[in-house]
Amino acid sequence: YEVGGHFSSFDSRLLSDLSFFFINCRDQQLTVFPQGKNTGRMMTNAGKTRSFGAEASLTYRFGDLTLTGAYGYANAKFVDYDDGNNDYGGKYVPYAPMNTAAFSAQYVFRLKGFVDKILLSCNWKGVGDIYWNESNDLRQNFYSMIGSIVSLSHKNWELGFWGKNLTDADYNTFYFLSMGNSFVQQGKPRQLGVSLKYDGLFSR
């Protein structure tokens, strides 16, 4: 069940979206990992789950300045799930982020020289908490990352200098079992790079 709306004001300079949802799921399928020294993944029927939350986004444009923000909240729990050894009723569903948030600011300088325009952009995003197992004793806490880009454009060419995870945040993106041992997949560290783009059609 979902209800929401799209709103526009100030001559479409301010755009917003807002929605609320509730999901009541029966015969929930869940990925599980085998116990002991076995490898691989299996699918199991986790019974009933329920999830509710909201999502909101806001974009403001004023001339060459654009500000964007978004936030999502999801509360997903087992209603009825007993695997024969443990009762997980009331526990959070694994791999479902509870909070997702993002913010970005962008400004474009328009020039009349060799460089047509210069774009400055910075962004921030956050994710978490994420539970890795049904018992909820393993989780990734909320983490955030900052990125930025500076690009110079000339006709159909664009040269960009960018950075991701500038604060070198330490986080994990996945958890799994293999041969009875626990492993985590680490997120990407700080990244710096240069990109060159051409946007045009080649003629014969």
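Check the entry above for the structure.
Description of the structure in this document. (Residues numbered from 1 in each chain as written. Predicted model: local features only at pLDDT ≥ 70, side-chain atom pairs only at ≥ 80, totals over all residues. Heavy atoms only, no water.)

**Brief notes about the overall build of the protein**
No. 1: In terms of regular secondary structure, the protein is built from 0 helices and 15 strands.
No. 2: Scaling as 2.2 N^0.38, a compact globule of 204 residues should have a C-alpha radius of gyration of about 17 Å, whereas the protein reaches 22 Å, well beyond that.
No. 3: The principal-axis extent of the C-alpha atoms belonging to the protein is close to 70 × 40 × 40 Å.
No. 4: The buried share of the protein, taken over its 204 residues, is 29%. (Helix = DSSP H or I, 4+ residues; strand = E, 2+ residues; numbered from the N terminus. Rg over C-alpha atoms; globule rule 2.2 N^0.38 Å. Buried < 20%, exposed > 50% of the residue type's maximum accessible area, 1.4 Å probe, protein only.)

**Examining the environment of Phe-103**
No. 1: When you line up the elements, Phe-103 lands in strand E7 (residues 99–110).
No. 2: Each residue touching Phe-103, except ones within four places of it in the same chain, is listed here: Leu-67, Thr-68, Gly-69, Cys-122, Asn-123 and Trp-124. (Contact = heavy atoms within 4.5 Å.)

**Considerations on a negative patch on the surface**
No. 1: A cluster of acidic side chains, namely Asp-80, Asp-82, Asp-83 and Asp-87, defines a negative patch on the protein surface.
No. 2: With respect to the element layout, Asp-80 can be found in strand E6 (residues 65–80). (Patch = residues over 30% accessible without salt bridge, like charges linked within 9 Å, V, L, I, M, F, W, Y side chains within 5 Å. Areas by Shrake-Rupley, 256 points an atom, 1.4 Å probe, with all protein chains shown as cover. Salt bridge = Lys/Arg side-chain N within 4 Å of Asp/Glu carboxyl O. Lys, Arg positive; Asp, Glu negative; His and termini not counted. Charge placed at Lys NZ, Arg CZ, Asp CG, Glu CD.)

**Topic: unusual backbone geometry**
No. 1: With omega at -5°, the peptide bond leading from Gly-128 into Asp-129 counts as cis.
No. 2: Along the chain, the position of Asp-129 falls in the loop between strand E8 (117–128) and strand E9 (130–131).
No. 3: Its identity is not glycine, yet Phe-10 carries a phi of approximately 55°, on the positive side.
No. 4: By secondary structure assignment, the location of Phe-10 is in the loop between strand E1 (2–9) and strand E2 (14–25).
No. 5: Under the relative-accessibility criterion, Phe-10 is labelled exposed at 52%.
No. 6: The residue Asp-27 is not glycine, and still its phi comes out positive at about 55°.
No. 7: Its location among the elements puts Asp-27 in the loop between E2 and strand E3 (29–32).

**Digging into the pattern of salt bridges**
No. 1: Throughout the structure, instances matching the rule amount to 2 salt bridges.
No. 2: The partner of Arg-110 in a salt bridge is Asp-64, with the nearest N and O atoms 2.9 Å apart. Separated by 46 residues along the polypeptide, Arg-110 in strand E7 and Asp-64 in the loop between strand E5 (48–62) and E6 bring together distant segments of the chain.
No. 3: For Arg-110, a relative accessible area of 57% gives the class exposed.
No. 4: Accessibility expressed as a relative area gives 26% for Asp-64, which makes it partly exposed.
No. 5: With a closest N to O distance of 3.0 Å, Arg-139 and Asp-129 form a salt bridge. Of this pair, Arg-139 sits in strand E10 (residues 139–140) while Asp-129 sits in the loop between E8 and E9, and the two are 10 residues apart along the sequence.
No. 6: By relative accessible area, Arg-139 is classed as partly exposed at 43%.
No. 7: With relative accessibility at 17%, the residue Asp-129 sits in the buried group.

**Some remarks on the environment of Asn-86**
No. 1: Looking at the secondary structure, you find Asn-86 in the loop between E6 and E7.
No. 2: Separated by 48 residues in sequence, Asn-86 and Glu-134 place their C-alpha atoms 9.4 Å apart.
No. 3: A distance of 3.3 Å separates polar atoms of two side chains, one belonging to Asn-86 and the other to Tyr-88. (Polar contact = N/O pair within 3.5 Å; in protein donor to acceptor, adjacent residues only side chain to side chain.)

**Looking at a nonpolar patch on the surface**
No. 1: Taken together, the side chains of Tyr-107, Phe-109, Leu-111, Leu-120, Val-150, Leu-152, Trp-157, Leu-159, Phe-161, Val-194, Leu-196 and Tyr-198 define a hydrophobic patch exposed on the protein surface, amounting to about 1,100 Å² of accessible area.
No. 2: Structurally, the position occupied by Tyr-107 is in strand E7.
No. 3: Under the relative-accessibility criterion, Tyr-107 is labelled partly exposed at 35%.

**Digging into the pairing of strand E12 (residues 157–164)**
No. 1: The pairing of strand E11 (residues 143–154) with E12 spans 7 bridges and is classified as antiparallel. Paired with Val-150 across the bridge in E12 is Phe-161.
No. 2: The turn linking E11 back onto E12 is made up of 2 residues, and Lys-155 within it adopts a positive phi angle of 55°.
No. 3: Sheet analysis places E12 next to strand E15 (residues 191–198), joined by 8 bridges and oriented antiparallel. Each bridged residue has a counterpart across the sheet, and for Gly-160 the counterpart in E15 is Ser-195. (Pairing = 2+ DSSP bridges.)

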